[in-house]
Amino acid sequence: MTGWITALFTGGPARKALGLLLAALTIALFLLNLRRAGERAGRLAERLSTSERTHEIQRQMLEAASRRPADRDALAQRMRDGQF
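Owing to the predicted nature of the structure, the values given are computational and were not obtained by experimental measurement. (Residues numbered from 1 in each chain as written. Predicted model: local features only at pLDDT ≥ 70, side-chain atom pairs only at ≥ 80, totals over all residues. Heavy atoms only, no water.)

A.B. asks: When you look at the overall build of the protein chain in this model, what are you seeing that I'm missing?
C.D. replies: The helix and strand inventory of the protein chain stands at three helices and zero strands. Looking at the 84 residues of the protein chain, the share that counts as buried comes to 0%. When the accessible area of the protein chain is evaluated, it comes to approximately 7,900 Å², of which 64% is carbon and sulfur surface. (Helix = DSSP H or I, 4+ residues; strand = E, 2+ residues; numbered from the N terminus. Buried < 20%, exposed > 50% of the residue type's maximum accessible area, 1.4 Å probe, protein only. Areas by Shrake-Rupley, 256 points an atom, 1.4 Å probe, with all protein chains shown as cover.)

A.B. asks: Please clarify how the pattern of salt bridges should be interpreted in this entry.
C.D. replies: Two side chains carrying opposite charge are able to pair once their charged atoms lie near each other. Applying the stated criterion to the full structure yields three salt bridges. Across the pair E63 and R59 runs a salt bridge whose closest N-O atoms are separated by 2.3 Å. Here the residue E63 and the residue R59 both occupy positions in helix α2 (residues 12–67), the gap between them amounting to four residues, near one helical turn. In this structure E63 comes out as partly exposed when scored by relative accessible area, which is 35%. On the basis of relative accessibility, which here comes to 37%, the residue R59 falls in the partly exposed class. Among the charged side chains, a network of salt bridges with common partners joins E56, R59 and E63. (Salt bridge = Lys/Arg side-chain N within 4 Å of Asp/Glu carboxyl O.)

A.B. asks: Before we go on, may I ask you to explain the confidence of the model for the protein chain in this structure?
C.D. replies: The predicted structure's coordinates, where accompanied by low pLDDT, should not be read in detail. For the protein chain, the average pLDDT comes to 88, and 86% of its residues sit at 70 or higher. Per-element confidence in the protein chain ranges from a low mean pLDDT of 66 for helix α1 (residues 2–10) to a high of 94 for α2. (pLDDT = per-residue confidence, 0-100.)

A.B. asks: When you look at a nonpolar patch on the surface in this model, what are you seeing that I'm missing?
C.D. replies: On the surface, a cluster of nonpolar side chains totalling about 590 Å² of accessible area is made up of L18, L21, L22, L25, L29 and L32. With respect to the element layout, L29 can be found in helix α2. (Patch = residues over 30% accessible without salt bridge, like charges linked within 9 Å, V, L, I, M, F, W, Y side chains within 5 Å.)

A.B. asks: Honestly, the environment of R59 in this entry has me stumped. Any pointers?
C.D. replies: Within polar-contact distance, the side chain of R59 engages the side chain of E56 at 2.4 Å. A polar contact is formed between the side chain of R59 and the side chain of E63, at a distance of 2.3 Å. (Polar contact = N/O pair within 3.5 Å; in protein donor to acceptor, adjacent residues only side chain to side chain.)

Spelled out as structure tokens, the structure:
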């Protein structure tokens, strides 16, 4: 029973076909892995961009907070001087 299967796969053309099949499978797996790595890199780039925007907004908020008047009197003085 298994003798004819063994004979089928040990023949010259069958061995070549099996080799080509293995090479095609290897290339397909490599390309799928490459695609997955590209998707992961894209997500990381998007996350970095979002983080940079968030940090820029936080920096602007901190700068605005550092320029605000210390108390109500300082605010009143600033409004009298016309500096908003």
